[in-house]
Amino acid sequence: MKSSTAPGIRFITSFSRDSWYRGFILFLTFLFYTAYHLSRKPISIVKSQLHRNCSTVLQPTDLNITNNATWCDWAPFDQDNYQTLFGVLDNCFLVAYAFGMFFSGIFGERLPLRYYLSFGMLMSGLFTCLFGLGFYWNIHSLGYYGFIQIKSMHHWLQIRNYKGIRVAWGVRNVQVMNGLMQTTGWPAVVACVGNWFGKGKRGFIMGVWNSHTSVGNILGSLIAGAFVSSAWGMSFIVPGLIIASTGILCFFFLVEKPEDVNCTPPQHHSEQESVETEQDSAHVDQTVNGAICTESTDLVEEHVEAISFCGALSIPGVVEFSLCLLFAKLVSYTFLYWLPLYISNVAHFEAKEAGDMSTLFDVGGIVGGIMAGLVSDYTGGRASTCCVMLLAAAPMLFLYNYIGQRSLGTTIGMLLLCGGLVNGPYALITTAVSADLGTHESLRGNSRALSTVTAIIDGTGSIGAALGPLLAGVISPTGWNNVFYMLISADVLACLFLTRLVYKEVQGWCGCGPRMRGFKEF
């Protein structure tokens, strides 16, 4: 009797070689950017440990306490202006990230992505660990303190007496370098995924894939929360080791393009767009002495130069979505850095409990990103999908501030809902929209524009990411209500920048213009 093939083997062989490679690249890049976000999250968890309500903390009997109100705080965050200092600390990372992002895409187009990502993750791991090592003052290397701007033995002696103040300065400089290294991640992973996947179901695929942002935030919160009460330095060291490990994995296994392993490249445009592009290309052929001079597509592709910064800005839709993302990311990153402290202050949770509760916002973000991708794939309206979700987010933020802490059930429900509405548009713009614009038909097959376009969009958004936590640090002493008014205003402004694109999409749906999938007529 002839033996039948095992069900598991039949399942494996039902997928083509190309499908296995695409799935593998999707998993790898998901893992890589999960590690990036995982290493950013600890600072928001540790904040509530650096400044605590010392009246509820048991005082050690062998400790000489001079100030009962701040004895358990970590200087210099034991002062009344601790929220402003937290805002400055966040901005050291975020301003460096925003500044570096505009250059990161340019480097990403010109360097092998495997080397670029591996270097970025290894260096991010190093500086994340250095942040945590500030907690352990048994390090006496002059080189280490020289790095964090200690220039003499007198200053070194001051460190031993005034740990908290010097930690703040040291951490600030480490934060700047970490922010610069973190910029290597996003343009590179989006470019890599864009090389492997076409436009067909890009919104859904990248919506699922983009859940790495929320998964990284959740894991970062849980890992940091496990150490925050006992030794907050480990809240940084463990994530630093994780991202460094993924950098090594990237070096050995990442495949930048399908052609590198003899796989079929994806189709970035519809059949109609491809025909029109071919027709346009035919008009460009030059006739010399009656003979038509043509080049093969492969040869043209090989010699295409990386797009310039101004060239990327001229792609229809790039400016509008970049400005929209500036305000959308302002809201998202304010929650990323300040939500645990808000929950701790308003709901009076402990640091670990507040960190765990804040992960619900990211769980909602996973669902929101997937739904935004599905809807935009079905309707062809990327801008309209973002605008509707941003408009719905504004009243939800207002309700969360006023009724979100009345009961545990209300808190969970509002965090999930707000997370979905806030992070949905942010996820869609930074993934499917960036990939669509980076492979826009006006580029005539230039595949080397994707990283630059992604860097411009995310770099502009990162300006908002830097402003949000800074403004929260400045405004929060006047009351949390004012912080939420600022976030609601940012959501409304994000919608306004998409009005022209939404109008074009609605025209297409009503038959007044071409029905658009992607950004053909923007």
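Basis of the calculations
All residue numbers refer to position in the chain's written sequence, counted from 1. Owing to the predicted nature of the model, reporting of local features is limited to residues with pLDDT of at least 70; listing and counting of side-chain atom pairs is limited to 80 or more, with chain, interface and lining totals taken over all residues. With hydrogens and water excluded, all non-hydrogen atoms of the structure serve as input to the side-chain values. UniProt positions are given in the numbering used here, feature names are shortened, and annotations may be inferred rather than shown by experiment. Here, a salt bridge means any Lys or Arg side-chain nitrogen found within 4 Å of an Asp or Glu carboxyl oxygen. Helical segments are the DSSP runs of H or I of at least four residues, strand segments are the runs of E of at least two, and each set is numbered from the N terminus. The rule is simple: take the accessible area with a 1.4 Å probe, protein chains only, and divide by the maximum for that residue type; under 20% is buried, over 50% is exposed, in between is partly exposed. Here the expected span of a helix is defined as 1.5 Å times the quantity of residues minus one. pLDDT expresses how confident the predictor is about each individual residue, on a scale running from 0 to 100. Whether two residues are in contact is decided by their heavy atoms, any of which lying within 4.5 Å being enough. All axes here are fitted lines through C-alpha atoms, helices being fitted over the stretch that makes contact, and every angle between N-to-C directions spans 0 to 180 degrees. Comment on the angle field: the value is read as roughly parallel under 35 degrees, roughly antiparallel over 145, roughly perpendicular from 65 to 115, and oblique elsewhere. Left-handed describes a crossing whose near helix is turned anticlockwise from the far helix through less than a right angle; right-handed describes the clockwise counterpart.

The protein goes by Glucose-6-phosphate exchanger SLC37A2 in an unreviewed UniProt entry, where it is assigned to Dicentrarchus labrax. Quoted verbatim from the Catalytic activity (unreviewed entry) heading of the UniProt record, the comment on the protein is "D-glucose 6-phosphate(in) + phosphate(out) = D-glucose 6-phosphate(out) + phosphate(in)".

Trainee: Hey, could you run me through the pattern of salt bridges in this one?
Mentor: Applying the stated criterion to the full structure yields four salt bridges. Among the ionic pairs, Glu320 bridges to Arg500, the shortest N-O distance being 2.6 Å. Residue Glu320 is located in helix α16 (residues 318-347), and its partner Arg500 is located in helix α22 (residues 499-509); the two are separated by 180 residues in the primary sequence. The shortest N-O distance in the salt bridge between Asp458 and Lys329 comes to 2.7 Å. Note that Asp458 is positioned in helix α20 (residues 450-475) and Lys329 in helix α16, a separation of 129 residues in sequence. An identical accessibility class is assigned to Asp458 and Lys329; each is buried.

Trainee: Just to check I follow, could you spell out helix α12 (residues 234-253) for this structure?
Mentor: Residues separated by three or four positions in an α-helix point in the same direction, a consequence of the helix having 3.6 residues per turn. Its 20 residues give α12 an end-to-end C-alpha distance of 29 Å, which sits within 8% of 28 Å, the value for a rise of 1.5 Å per residue. Among all positions in α12, only Ser235, Phe236, Ile237, Pro239, Gly240, Ile243, Ala244, Thr246, Gly247 and Cys250 are buried.

Trainee: Quick question: what am I supposed to make of the confidence of the model for the protein here?
Mentor: When pLDDT drops low, the exact placement of atoms in the prediction is not to be read closely. Averaged over every residue, the pLDDT of the protein is 76; residues scoring 70 or more account for 72%. When pLDDT is averaged over each helix and strand of the protein, the minimum, 33, is found for helix α6 (residues 142-147) and the maximum, 94, for α12. In the predicted structure, residues 139-171 sits below a pLDDT of 50 and forms 39 contacts with residues beyond four places in sequence or in another chain. Predicted confidence for residues 272-303 stays below pLDDT 50, and this span has 24 contacts to residues more than four positions away or in other chains.

Trainee: Please explain the packing of helix α5 (residues 113-133) against α12 as it appears in this structure.
Mentor: Helices that pack against each other are described as a pair by the angle of their axes relative to one another and the distance between those axes. Look at α5 against α12: their axes get within 7 Å of each other, and the N-to-C directions meet at 165 degrees. By the angle class used here, α5 and α12 are roughly antiparallel. Relative to α12, α5 is oriented so that their crossing is left-handed.

Trainee: Can you help me understand the environment of Leu421 in this one?
Mentor: On the secondary structure map, Leu421 appears in helix α19 (residues 408-438). What makes Leu421 buried here is its relative accessible area of 15%. A sequence separation of 35 residues divides Leu421 from Cys386, and the C-alpha atoms of the two residues are 9.2 Å apart.

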